[in-house]
Each structure stands twice: as C-alpha cells, then as structure tokens.
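Residues per chain, in single letters:
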Amino acid sequence: MTIERIQKLNPQIPIHSLYDYQKKYGYVLDYELVDLVEYVNKNLYVRGSKFDCHYDISELHEFKIVKTIQKEIFANAPIRFGTITGFNENVYALYKTLKNEVYVAFTDCLFIVEKEGQFIGLYLHKGQILEFLAGTVHSLPVMVTLNGYCVGLLTLDNKKAKESFEMLRVVNDGSFLHQNFLESVIQLEEKIHIRCVNR
C-alpha cells in the first residue's frame, strides 16, 4: 500500500507521511530498526490474530537500539516495550497522551491525529518510528492492508501505565477505547472509517 493509494481511497481525510508530519509538528527520529523489525515479524507477530496487546516483552529490551532510545528519549528512566496488533478500520475515539509515547511500525499502519482543529491521517511505513509528545490527541493504529497491523509501544514504566494498558487489553475492537483509558478519552460523534481496499 502507498500513501497515494490510501489517500485516493479516503478523500475525506488528508493523509500525511511521517516525514511531513514530523517536519511540521516536531522532529524526525532517525534510528536503525531493521534487526528489531525483522525479529518481531519472524518471532512475535502472528498474522491473522485478533486484536491483542502485550504490556512489556522482555526480550525486546535486549536490542541495542532500544537501549539507545531509552537513553536519548527517556533519559534512562525505566521503560516498557509492548506490542499492539489488530485489524480495525474504524476509529470511535481518540485519546490525549499524558506522557511521551514512541511507536515502532513493525508493519505499515495509520494513525488518526487531531491537529489544529482537524483530523489527519498519519501513515507509518514498516520500520519507521514516531514519537507522540505529551498532549497529542491521536487514535490507536488503523490497518492499511488486509493483513492488519503490528506496532511496538515504548513508554515510561509505572503502575498507572500498566493499569491503563490492562484496560485496553479487554477491549475486543482496537478502534474503541475504554472510557477510563488514560483518563483522557475523547469519544467521537461519528466514527472515522479508513478504507484500505475497494469494497
């Protein structure tokens, strides 16, 4: 899937590349993630699985790049590195991040982000990395191919983060957020539907 293709299928919402988004709203993160992405796709990501998430996967902390991210972005504070997989095309709610979050795209995927009073789509290609700063309003990932998606999520590790993540685990559809998730959910009046195929 390409950004041009997903934009053509979804004229109702502007789709931005990660580089264009970060150039306008932040800064571009440039880390070498090939080994990490290959490992997850080979050993952890099961295509065809339902929506699922894992709070922290200890083996991912062994990668040198994860230690670098922990040092450069989180100032060596304790972090957790989990994964989220799913097949949702709809977004019913957004949430405002309370602390910085770093997403690693193990597959192509899309985020819906609220910026300057409008919704935009943010396309991540496999192997790209994105930091949402505290206060950013965004969705969980949305699939852009029928294979679904898998992303890694790095955040500060604390009791509140774990409780929030456990609430997310009980949700059957990743496009819907528990109303207490991070205490910052913004329910949408109308769902946002992202088409990834002609049907």
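Everything here concerns the structure above.
Predicted model, so just to flag it, every value in this text is computed and none were measured.

Student: Quick one: what's the story with the overall build of the protein chain, residue by residue and with numbers?
Tutor: Helix and strand counts for the protein chain stand at 5 helices and 11 strands. Split into buried and exposed, the 199 residues of the protein chain put 51% on the buried side. Residue pairs at least 24 apart in sequence account for 78% of intrachain contacts in the protein chain once pairs closer than 6 positions are excluded. Accessible surface, the protein chain: about 10000 Å² in total, of which carbon and sulfur atoms supply 49%.

Student: Give a description of unusual backbone geometry that names residues and reports values.
Tutor: Positive phi, close to 65°, is recorded for N76, a residue that is not glycine. Tracing the backbone shows N76 in the loop between α4 (64-74) and β3 (79-86). On the accessibility criterion, N76 (52% relative accessible area) is exposed.

Student: Help me get a handle on the state of the cysteines, residues and values and all.
Tutor: Taken as a whole and assessed by the stated rule, the structure comprises 0 disulfides. Lacking any disulfide linkage, C109 is separated from the closest cysteine sulfur, that of C150, by 9.2 Å.

Student: A description of the pairing of strand β4 (residues 90-96) should follow, citing residues and the corresponding values.
Tutor: As a general feature of sheets, a regular strand has side chains that alternate between the two faces. Here β4 lies mainly inside the structure; 5 of its 7 residues are buried. Relative to strand β9 (residues 137-138), β4 runs antiparallel, the two sharing 2 bridges. Bridge pairing in β9 places Y95 opposite H138.

Student: Summarise helix α3 (residues 34-43); cite the residues concerned and give the values.
Tutor: For α3, the set of buried residues is L36, V37, V40 and N41. For α3, the buried positions fall inside an angular range of 125° around the axis, keeping them on one side. Of the residues in α3, the exposed ones pointing more than 90 degrees away from the buried face are D35, E38 and K42. In this structure, the buried residues of α3 make contact with α4, β3, β5 (101-105) and β10 (149-156).

Student: Quick rundown of the side chain of R80? Include the residues and the values.
Tutor: As for its position among the elements, R80 is in strand β3. Among buried Asp, Glu, Lys and Arg side chains, R80 stands out as unpaired, with D157 the closest opposite charge at 5.9 Å. Side chain to side chain, R80 and T155 meet in a polar contact 2.8 Å long.

The rules behind the values
- Residues numbered from 1 in each chain as written.
- Predicted model: local features only at pLDDT ≥ 70, side-chain atom pairs only at ≥ 80, totals over all residues.
- Heavy atoms only, no water.
- Helix = DSSP H or I, 4+ residues; strand = E, 2+ residues; numbered from the N terminus.
- Buried < 20%, exposed > 50% of the residue type's maximum accessible area, 1.4 Å probe, protein only.
- Contact = heavy atoms within 4.5 Å.
- Areas by Shrake-Rupley, 256 points an atom, 1.4 Å probe, with all protein chains shown as cover.
- Disulfide = S-S within 2.5 Å.
- Pairing = 2+ DSSP bridges.
- Arc of directions from axis to C-beta.
- Lys, Arg positive; Asp, Glu negative; His and termini not counted.
- Salt bridge = Lys/Arg side-chain N within 4 Å of Asp/Glu carboxyl O.
- Polar contact = N/O pair within 3.5 Å; in protein donor to acceptor, adjacent residues only side chain to side chain.

Note that every value here comes from positions in space, so none of it alone points to a role or purpose.
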